[in-house]
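Here is what each chain is made of, one letter per residue.
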Amino acid sequence: MSTAGAGRATPRSAGSVAAYRSLLAIDPEVPVVTLGEGGTPLLHAKRLSARVGAEVWLKVEGANPTGSFKDRGMALAVSKARARGAGVLLCASTGNTSASAAAYAAAAGLRSAVVIPEGHVARGKLAQAVVHGARVVQVRANFDAALAVVRALGERAAVTVVNSVNPDRLEGQKTAAFEVVDELGDAPDLLCIPVGNAGNITAYWRGFRQYREAGRASLVPRLLGVQAVGAAPLVGGGPVPSPETVATAIRIGDPASAGPARDAVGASGGRFVAVTDSAILAAQRELASTEGVFCEPASAASVAGLLAYPPAAGSRVVCVLTGHGLKDPDAVAGEGPLPVVAADLGAVAEAMGVELD
Ligand SMILES: *Cc1c(COP(=O)(O)O)cnc(C)c1O
């Protein structure tokens, strides 16, 4: 199975569309827009594995060019949009889609516009959209309302919507599942993944299914879809009118891909679960301080879910860490006032708690 995908034959910087082109819905003559997405680390989480009694791997999607998995789908969606002659790319976003759309539009020589919920987009993500030249519009509403406006605009104006309602996005995001199987030699027993608009969990499922059907994997994983308690429509069974969570990337009350995600989780024998914001922040800190991986709060939900619903002993688990922690520095609480002392040996040693001899 290690020869799966053309992944090994193409340089990493050619990106995930080039690496898996023959497995993706894209015409051979379409030129690819890439920033070198994909090929992200799959790290063995030693402390976490010992803690839950399983073999736990972290898929570090924060290592993508704009710091989240959104780049995989954006590369494919923008390539196809440009080939069709699109001029303006439009999306609603909790932050990472706008960062990615803005960057890939810049790389493609296209314009981009993003609609975001006022006051609920992490600072780093907003900076990305601005610096990549997107036109940024805030709405006095949550993400679900922003997406409704964007979808309506897509019908009425000459724009290409690059939210995950665009099927090219999910198609491109399958490549993460391909990479996991190529690296592990088979699919894991369990995939833990944060769920917001529910596109990514759907894409992973399609990727794993495609690999099994092609004989490149012997199994498909059970899916553990993890939501935040204050934004858990797939756990509670219906839309949440006012979703709230510190994990802004999954602060979504009415997921666009709810139907296919439910089907995927059901077919996998898995489930949706909800975790508290404090469990999310604790998992974020534990990953950073014991594994060396700093992810954003939404990403840590996957690990919080794993800790709350431990897997069968000895099973092989992949937790998807969807975005980089640097995007949302404000979410890191509790560093407290840091000590400030004079720049002399005695004072610094004392503040550090080390003895001088
Ligand atoms: C978009 C995003 C999610 C949620 O993915 P969906 O496909 O909307 O379910 C989770 N984490 C991060 C960091 C994201 O950017």
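Just so it is clear, the structure is predicted and the values come from calculations on it, not from any experiment. (Residues numbered from 1 in each chain as written. Predicted model: local features only at pLDDT ≥ 70, side-chain atom pairs only at ≥ 80, totals over all residues. Heavy atoms only, no water.)

Enquirer: Where do I start with the packing of helix H12 (residues 277-291) against helix H13 (residues 297-308) in this structure?
Expert: Think of two packed helices as two axes; the pair is described by the angle between the axes and how far apart they sit. At a minimum axis separation of 7 Å, H12 and H13 run at an interaxial angle of 95°. Classified by the angle their axes make, H12 and H13 are roughly perpendicular. In this structure, H12 contributes Ala279, Ile280, Leu281, Ala283, Gln284, Glu286 and Leu287 to the contact, and H13 contributes Pro297, Ala300, Ala301, Val303, Ala304 and Leu307. (Axes fitted to C-alpha atoms, helices over the stretch in contact; angles between N-to-C directions. Helix = DSSP H or I, 4+ residues; strand = E, 2+ residues; numbered from the N terminus. Parallel < 35°, antiparallel > 145°, perpendicular 65-115°, else oblique. Contact = heavy atoms within 4.5 Å.)

Enquirer: Could you clarify how one ought to interpret the sheet that holds strand S6 (residues 160-161) in this entry?
Expert: Within a sheet, each strand pairs with its neighbour through backbone hydrogen bonds, oriented either parallel or antiparallel. Strand order in this open sheet of four strands is S5-S4-S3-S6, and the pairing throughout is parallel. Here the strands that pair on one side only, and so sit at the sheet edges, are strand S5 (135-139) and S6. Pairing of strand S3 (residues 88-92) with strand S4 (residues 111-117) involves five bridges; the strand directions are parallel. Paired with Leu89 across the bridge in S4 is Ser112. Across the sheet, helix H6 (residues 143-156) lies against S3, S4, S5 and S6, angled at about 150° from S3, the strand it touches most. (Pairing = 2+ DSSP bridges.)

Enquirer: What is the right way to look at the pairing of strand S10 (residues 316-321) in this model?
Expert: Side-chain positions along a regular strand alternate between the two faces of the sheet. The element S10 is largely enclosed, with a buried count of five among its six residues. Relative to S10, strand S2 (residues 55-60) is paired through six bridges, and the arrangement is parallel. Across the sheet, the residue bridging to Lys59 is Val320, located in S10. One ladder, built from three bridges, connects strand S7 (residues 190-194) with S10; its direction is parallel. By the bridge assignment, Leu191 is partnered in S10 with Val318. (Buried < 20%, exposed > 50% of the residue type's maximum accessible area, 1.4 Å probe, protein only.)

Enquirer: Explain the side chain of Ser268 to me, please; I cannot follow it from the model alone.
Expert: Looking at the element boundaries, Ser268 is found in helix H11 (residues 258-268). Since its relative accessible area comes to 9%, Ser268 is described here as buried. Not counting chain neighbours up to four residues away, the residues in contact with Ser268 comprise Trp205, Pro221, Arg222 and Leu223.

Enquirer: What is the right way to read the sheet that holds S7 from this model?
Expert: Pairing is mixed in the open sheet, where six strands are placed in the order S1-S2-S10-S7-S8-S9. The sheet is open, and its two borders are formed by strand S1 (42-44) and strand S9 (271-275), each paired with just one other strand. Between one strand and the next, the sheet's axes are offset by a mean angle of 25°, whatever the strand orientation. As defined by bridge partners, S1 adjoins S2 across three bridges and the pair is classed as antiparallel. If you follow Leu42 over to S2, its bridge partner there is Lys59. Contacting S2, S7, strand S8 (222-228), S9 and S10, helix H9 (residues 199-213) crosses the sheet at an angle of about 155° to S7.

Enquirer: Would you mind going over the confidence of the model for the protein with me for this structure?
Expert: Predicted coordinates in areas of low pLDDT are best not read in detail. Mean pLDDT over the protein works out to 95, with 97% of the residues at or above the 70 mark. Confidence drops under pLDDT 50 across residues 1-7; counting only partners more than four residues distant or on other chains, this segment forms 18 contacts. (pLDDT = per-residue confidence, 0-100.)

Enquirer: So what exactly am I meant to see when it comes to the nonpolar core here?
Expert: A general tendency of soluble globular proteins is for nonpolar side chains to be buried together. Membership of the largest hydrophobic core comes to 58 residues, with the highest contact counts inside it found for Val78, Leu191, Ile201, Tyr204 and Phe208. Those residues within four positions of Leu191 in sequence are excluded, and the remaining contacts are Tyr204, Phe208, Pro221, Arg222, Leu223, Leu224, Val318 and Val320. Of all hydrophobic cores here, the second largest spans 31 residues; its members include Leu48, Cys192, Leu224 and Ala301. (Core = buried A, V, L, I, M, F, W, Y, C linked by side-chain atoms within 4.5 Å.)

Enquirer: Would you take a moment to explain the site of the ligand for this structure?
Expert: Near the ligand you find 16 residues, and of these Lys70, Asn96, Asn197, Asn200 and Thr322 are the closest. With respect to the ligand, the backbone of Gly199 contributes an N or O atom lying 3.2 Å from an oxygen atom. Out of a free accessible area of 380 Å², the ligand has 96% covered by protein chains. Listing elements by their share of the shell around the ligand, those giving two or more residues are H9 and H13. (Near = heavy atom within 4 Å. Polar contact = N/O pair within 3.5 Å; in protein donor to acceptor, adjacent residues only side chain to side chain. Areas by Shrake-Rupley, 256 points an atom, 1.4 Å probe, with all protein chains shown as cover.)

Enquirer: Explain the packing of aromatic side chains to me, please; I cannot follow it from the model alone.
Expert: One pair of aromatic rings is described through two measures. These are the centre distance and the angle between the planes. A complete count under the given rule lists three aromatic pairs for this structure. Between Tyr20 and Phe178 the ring centres are 5.3 Å apart and the planes differ by 55°, which places this aromatic pair in the tilted class. Highlighted residues: Tyr20 in the loop between helix H1 (15-19) and S1 and Phe178 in helix H8 (residues 175-184), separated in sequence by 158 residues. Of the two residues, Tyr20 and Phe178, neither departs from the other in class, the shared state being buried. Measuring from ring centre to ring centre gives 6.1 Å for Tyr204 and Phe208, while their planes differ by 35°; the resulting arrangement is tilted. Remark: Phe208 and Tyr204 occur in helix H9; sequence separation between them is four residues, near one turn of the helix. With a relative accessible area of 1%, Tyr204 lands in the buried category. Put simply, the rings of Tyr20, Phe178 and Tyr211 pair up and form one aromatic cluster. (Phe/Tyr/Trp six-rings, centres within 6.5 Å; stacked < 30°, edge-to-face > 60°.)

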